[in-house]
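Letter by letter, the chains look like this.
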Amino acid sequence: MLTEAQKTAAEKDLQNYLSEHYSTTIERATDEQLYFALAEISQKYLFQRIGKCNKKNPKDRKTIHYMSIEFLLGRMLKNNLWNLELEDTYKVLLKENNKNIENVYNIEQDPGLGNGGLGRLAACYLDSISRLGYPGFGHCLKYEYGLFKQIFVDGKQIEAPDGWLETGNVWLNPREDQAVEVLFGGTVKQNYDNNKLSYVIESPKVVKAMPYDMLISGYDSNTVSTLRLWEAKALTNSFNLTKFNNGEFTESVREGVKIELINKLLYPSDKTVQGTELRLAQEYFLVSAAMQNILRDYFEDHRTLAEFPKLVAIHINDTHPALLVPELMRLLIDKYGFGWDESWDAVRQVVSYTNHTILSEALEVLHLNEIEEDMPRIAMILRELDRRFRAELAEHCKNDFRKLESMSIISGNNVYMANLSIYASHKVNGVSKIHSHILKTRLFNAYAEIYPDKFLNITNGITHRRWLAECNPALDKLIVSLIGKDYYKSPELLKKLDDYLDDKAVLRKVHDIKFENKKRLAEYVKKAQNIDINPEWRFVVQAKRIHEYKRQLMNVMRIIYLCNKIRENPEMPVTKQVFIFAGKAASGYAMAKRIITLINKLAEEISLDPVLRDKLQVVFLENYSVTLAEILMPATEVSEQISLAGREASGTGNMKAVLNGSLMMCTCDGANIEIADECSHENSYEFGLRADDVDRIKSRGYNATEYYIASERVRSVVDKMNIDIGGESFADLVGYLLGHTDYKDSYMCLADFDSYIDAYERMDKEYSDQEYWSKKVLHCIASMGLFSSDRAIEEYATKIWKLKKNVN
Ligand code: 26V
């Protein structure tokens, strides 16, 4: 809690900043000026926290370096003010000066440096690392453009660039003192000196790696973690003076432009990413810069590797940063002069890895010839790693050459990044119980047999501060009035809300808060897309990347089914509802884009039908982002998590929705299972095949036509899609669903459809009793403490990284 003196100081800070930088006052300042002023002020406080923390703690502290190609941060200003407990002070101050702090927040462009769950998880984890007082860094690229901006034209997704730096720059603190140089290309030369073999890269292309530090605040904590964003800068010598003097101006800067492409943009998670030269350059640039940075820091005070595992933990967030393994080896051997065995021993003690997907097409494979060309010494080290790994494996695999081949790092021209990560890591974890089980028993079972102690589960979590307290102030206020503020620091205290399950007044408030949040979303939709949605209707939401395995298509089929039924019998009782979709399709992912078009066409068809539009509505929210999720989650009543069992590693959208008072319509997949376990299975609407049923059907061969023939409901929907949805035939999708085309539905939408409808009908009955519904909702909120990223980070810190907390 801030003291009165601190509040007064905060007010003075703003007045002074505005007067010194803009010669203005709070009342006269523009929202933009206020934004920049508050951003600088919040950082001033964070720098003070860092100073205090450094004073109280020894320099040698074990630090986690969380390596990730994505960090989906969301807006910074509100989060920082909230964590510093300055939000209320500034809200009131601005109000007194006829300003609305929300308008100031809206100036900030959302830094969309991630595709979805994986990137958002990294951001939640940095929040919890700060909050809990662990010394931590995130390392990522300073992308100039985040994931593309999504626009719909005639129902189709169009991609536009998404810049964030105009308002994002204020959070970036350049650290020239930490810059390093990354080498590309060149040739490897072997030298014999004093009977010792060493390697040097001759005539490489040298790229300057310049870090920009973003301060990541934690609530009521003196620890601030750092997100170090690396920028590739052409060195001045990349400018070709001879060409310039010859008048070849474009040619003279070509080299520099190419280098600076490295952090131009974030790639959408798409099959076409793999094998692109630029993506490889991004991955190597990130890890080379970060590893050099870490080692330089360490060797400032140490001469041997003895202390290295005691001071450094490096985490590979999915395989994208896995080249850090050969890069660490290169630096330790070539630059610092250690032997292979000693280096390898150190690497294996500091590196750990989280897998985030079992989908084979998403498992990363790099091409050795490309690595050879752009980073020849790394290719050499990978070959040596593979050779040693095979030797180690040969003993275990006996004569099973196929098994050995499938586990190895290199096979032909392919470099298997998951295999490399497992081999190098002392711990490998999955992100939900079922996912970790699948890793151990199926995907990586051969490794688990050899290294059983390497594998563990750490179920994902979300920061309940951003995802409840900050984004849902009305619900937060109710919770604080019932159980106090301590839940910010101890999310398990949410359990105390169970004491109010029979308190009708509280249940009424839970209901009313949801209604207010639905109104807030409706206002947003009106403003952003000029669509009216009725907050009296039920809001059913599926918000996540558009992907076949997440089965947005099955959701659409359910809506078509309802439309058919209403058309047959316009008098039938139906729950009036808005089906809300949000999410982006990777630009090269044709099927996902087609599904978006179908959703938009269905939305149009319903809106033009006088009978249907009185009962149902479909809305696709354009350009899903963290900021939009912060409005959407509090307004969600039913959250759809309907992936084919065994395919969604965890899912974190479900956690956000339930924490904000939604119930789940879900399959038994990922974290859904654990959420339902915590909240009790009566409070979620589970349906569909279990993961082992799926395996059984798959091994026999999934025959979609069987389901088409067997189910009248399936037929009615598929036939309608074949003829016309919104004036267009979706016969291509019908062929896909029925398995008649080359490209077929591997996610078995038809197999789960009937069970989906049944679950839905059960839910409708229960929803009609709103008090009963609110009771379920309150119990679910009370049960969500376990899914806080604070719990997840405590597990990482104790089971994998072995960190100690800073003294606060
Ligand atoms: C990537 C790709 C790229 C190639 C085309 C298909 C495809 C499909 C999925 C992906 C995602 C890979 C990694 C990822 O984002 N995983 C997500 O991680 C979340 C945090 O652990 C987890 O909650 C989600 O279930 C998981 O999908």
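Description of the structure in this document. (Residues numbered from 1 in each chain as written. Predicted model: local features only at pLDDT ≥ 70, side-chain atom pairs only at ≥ 80, totals over all residues. Heavy atoms only, no water.)

Quick look at the overall build of the chain
Thinking step 1. Within the chain one finds 34 helices and 23 strands.
Thinking step 2. Over its C-alpha trace the chain gives a radius of gyration of 27 Å, about what one expects of a compact globule, namely 28 Å for 808 residues.
Thinking step 3. Once the C-alpha set of the chain is aligned to its principal axes, its extents read approximately 90 × 75 × 60 Å.
Thinking step 4. Counting every position in the chain, which comprises 808 residues, the buried fraction comes to 60%.
Thinking step 5. Sequence separation of 24 or more characterises 77% of the internal contacts of the chain that already satisfy a separation of 6 or more.
Thinking step 6. Put simply, the chain shows about 31900 Å² of open surface, and 50% of that area lies on carbon and sulfur atoms. (Helix = DSSP H or I, 4+ residues; strand = E, 2+ residues; numbered from the N terminus. Rg over C-alpha atoms; globule rule 2.2 N^0.38 Å. Buried < 20%, exposed > 50% of the residue type's maximum accessible area, 1.4 Å probe, protein only. Contact = heavy atoms within 4.5 Å. Areas by Shrake-Rupley, 256 points an atom, 1.4 Å probe, with all protein chains shown as cover.)

A closer look at the layout of surface pockets
Thinking step 1. Roughly 950 Å³ of volume is contained in the second largest pocket.
Thinking step 2. What lines the second largest pocket is a set of 34 residues, among which N54, R61, T63, F137 and D297 lie closest to the centre.
Thinking step 3. Secondary structure elements with two or more residues in the lining of the second largest pocket: α2 (31-56), β1 (63-67), β2 (136-141), β9 (205-216), β10 (225-234) and α10 (277-301).
Thinking step 4. Element by element, the count of residues in the lining of the second largest pocket is highest for α10, at seven residues.
Thinking step 5. For the lining of the second largest pocket, the class distribution of residues is eleven nonpolar, twelve polar and eleven charged. (1 Å grid on protein atoms, 1.4 Å probe; cavity = no way out; pocket = protein on both sides within 12 Å on 5 of 7 lines; lining within 4 Å. Points joined across faces, edges and corners; volume = space filled by probe spheres on them. Nonpolar A, V, L, I, M, F, W, Y, C, P; charged D, E, K, R; others polar.)

As for the pattern of salt bridges
Thinking step 1. All chains considered together, the criterion is met by 55 salt bridges.
Thinking step 2. Linking R388 and E384 is a salt bridge whose minimum nitrogen-to-oxygen distance equals 2.8 Å. With R388 and E384 both in helix α15 (residues 376-397) and four residues apart, this pair spans about one turn of that helix.
Thinking step 3. Relative accessible area serves as the criterion here: at 22%, E384 is assigned to the partly exposed category.
Thinking step 4. With a closest N to O distance of 2.9 Å, K775 and D502 form a salt bridge. With K775 in helix α33 (residues 770-782) and D502 in the loop between α21 (473-483) and α22 (504-529), the pair connects residues that are 273 residues apart, well separated along the chain.
Thinking step 5. With relative accessibility at 32%, the residue K775 sits in the partly exposed group. (Salt bridge = Lys/Arg side-chain N within 4 Å of Asp/Glu carboxyl O.)

Regarding the packing of aromatic side chains
Each aromatic ring pair is characterised by the separation of its centres together with the angle its planes make.
Thinking step 1. Across all of its chains, the model carries 31 aromatic pairs by this definition.
Thinking step 2. Residues Y487 and Y488 carry aromatic rings whose centres are separated by 4.9 Å and whose planes lie at 55° to one another, so their mutual orientation is tilted.
Thinking step 3. Y487 gets classed as buried once you look at its relative accessible area, which sits at 0%.
Thinking step 4. Chaining the aromatic ring pairs together yields one cluster made of W344, F389, Y423, F444, Y447 and F455.
Thinking step 5. Positioned over the ring face of Y45 is K44, at 5.3 Å from the centre of the ring. (Phe/Tyr/Trp six-rings, centres within 6.5 Å; stacked < 30°, edge-to-face > 60°. Lys NZ or Arg CZ within 6 Å of the ring centre and 35° of its normal.)

Some words on the site of the ligand
Thinking step 1. Every one of the 22 residues lining the ligand counts as a neighbour, but H356, N460, E648, S650 and G651 are closest to it.
Thinking step 2. In the model, an oxygen atom of the ligand is placed 2.6 Å from a nitrogen or oxygen of the H356 side chain.
Thinking step 3. One of the side-chain nitrogen or oxygen atoms of Y549 is found 3.0 Å away from an oxygen atom of the ligand.
Thinking step 4. Protein contacts shield 93% of the accessible area of the ligand, which totals 590 Å² for the unbound molecule. (Near = heavy atom within 4 Å. Polar contact = N/O pair within 3.5 Å; in protein donor to acceptor, adjacent residues only side chain to side chain.)

Description of the sheet that holds strand β20 (residues 616-621)
Thinking step 1. Read across the open sheet, the six strands follow the order β20-β19-β18-β21-β22-β23; overall the sheet is parallel. Edge strands, defined here as strands with exactly one partner in the open sheet, are β20 and β23 (685-687). Adjacent strand axes in the sheet meet at a mean angle of 20°, parallel and antiparallel pairs treated alike.
Thinking step 2. Summarising the sheet, strand β19 (residues 577-582) and β20 pair through six bridges and their orientation is parallel. Each bridged residue has a counterpart across the sheet, and for I580 the counterpart in β20 is V619.
Thinking step 3. Sitting on the sheet, helix α24 (residues 590-608) touches β19 and β20, and the angle it makes with β20 is about 140°.
Thinking step 4. The strands that helix α25 (residues 626-635) touches are β18 (538-543), β19 and β20; relative to β18, the one it contacts most, it runs at about 140°. (Pairing = 2+ DSSP bridges. Axes fitted to C-alpha atoms, helices over the stretch in contact; angles between N-to-C directions.)

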